[in-house]
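# Summary of the model geometry
Take a look at the letters that make up each chain.
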Amino acid sequence: MARDDTGLFIVDQHAAHERILYDRLCAVSDNVPSQGLVLHQILDFPPVESQLIAGEQELLNQFGYYLEPCGEYQFRLTAVPADIPVSEAVDTIRQILMSVTEEKNVTAANLRHHCLATTACHGAIRQGDELTVRQMQLLLEELARTNRPYTCPHGRPTILRFDRDALALMFKRT
């Protein structure tokens, strides 16, 4: 929650951080920056997903995920997008693969938006995560510098504003 002279603001910290990460990822022209993993992870996938991963290596690389085959249905994860926790990598990869298979007549732009939005969502702080006052200030400052600070990439609001008059009405004060 925040306030100024005009009223009260409720900020969805997850949606706000998601917008910030999405805009950062979109600012990168072709490839999302990735971070190499010191300890590679061995990931098991079912046969269908394994075939998709093998066929979509270039796409996954563009989004910052680097996987190497290391078994019949296993891949070694060597790098993830710089803003994504390693713990979210498998779920995000699966969502990218689902969007590739489920979307009919998918355009490159739509696929890019969906994949970047998914990656940003998985990398964003979670609802209920406790932030320090300084972290909250930085989040609001960074959100203010984004192209669309009032919604996350999925269209959910990041901030709800209640002006003084609306608050007075809610409390039945005239």
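Description of the structure in this document. (Residues numbered from 1 in each chain as written. Predicted model: local features only at pLDDT ≥ 70, side-chain atom pairs only at ≥ 80, totals over all residues. Heavy atoms only, no water.)

### Describing the packing of aromatic side chains
Taken as a whole, this structure holds 1 aromatic pair when the rule is applied. Measuring from centroid to centroid gives 6.1 Å for Phe-45 and Phe-75, while their planes differ by 70°, and the two rings are edge-to-face. In this pair, Phe-45 is assigned in the loop between β3 (34-44) and α2 (47-55) and Phe-75 in strand β5 (residues 74-81), connecting sequence segments 30 residues apart. The burial state of Phe-45 is the same as that of Phe-75; both residues are buried. (Phe/Tyr/Trp six-rings, centres within 6.5 Å; stacked < 30°, edge-to-face > 60°. Helix = DSSP H or I, 4+ residues; strand = E, 2+ residues; numbered from the N terminus. Buried < 20%, exposed > 50% of the residue type's maximum accessible area, 1.4 Å probe, protein only.)

### Re the sheet that holds β3
Reading across from one edge, β3-β5-β4 is the order of the 3 strands in this open sheet, with antiparallel pairing throughout. Unpaired on one side and paired on the other, β3 and β4 (66-69) mark the two borders of the sheet. The mean inter-strand angle of the sheet, taken between neighbouring strand axes irrespective of direction, is 20°. The strands that helix α4 (residues 89-102) touches are β3, β4 and β5; relative to β5, the one it contacts most, it runs at about 100°. (Pairing = 2+ DSSP bridges. Axes fitted to C-alpha atoms, helices over the stretch in contact; angles between N-to-C directions. Contact = heavy atoms within 4.5 Å.)

### Some points on the pattern of salt bridges
What the rule picks out here adds up to 7 salt bridges. Residue Arg-94 pairs with Glu-49 through a salt bridge whose shortest N-O separation is 2.8 Å. Here Arg-94, found in helix α4, pairs with Glu-49, found in helix α2; they are 45 residues apart in sequence, far enough to count as distant. Between Arg-126 and Glu-88 there is a salt bridge, with its nearest N and O atoms 3.3 Å apart. Here Glu-88 lies in the loop between β5 and α4 and Arg-126 lies in the loop between α5 (108-123) and α6 (133-144), a separation of 38 residues in the sequence. (Salt bridge = Lys/Arg side-chain N within 4 Å of Asp/Glu carboxyl O.)

### Here we look at the pairing of β5
Taken residue by residue, a regular strand's side chains alternate between the two faces of the sheet. Extensive coverage of β5 is indicated by the burial of 6 of its 8 residues. Pairing between β3 and β5: 7 bridges, direction antiparallel. What sits directly across from Gly-36, in β5, is Ala-79. As defined by bridge partners, β4 adjoins β5 across 4 bridges and the pair is classed as antiparallel. Directly across from Tyr-66, in β5, lies its bridge partner Ala-79.

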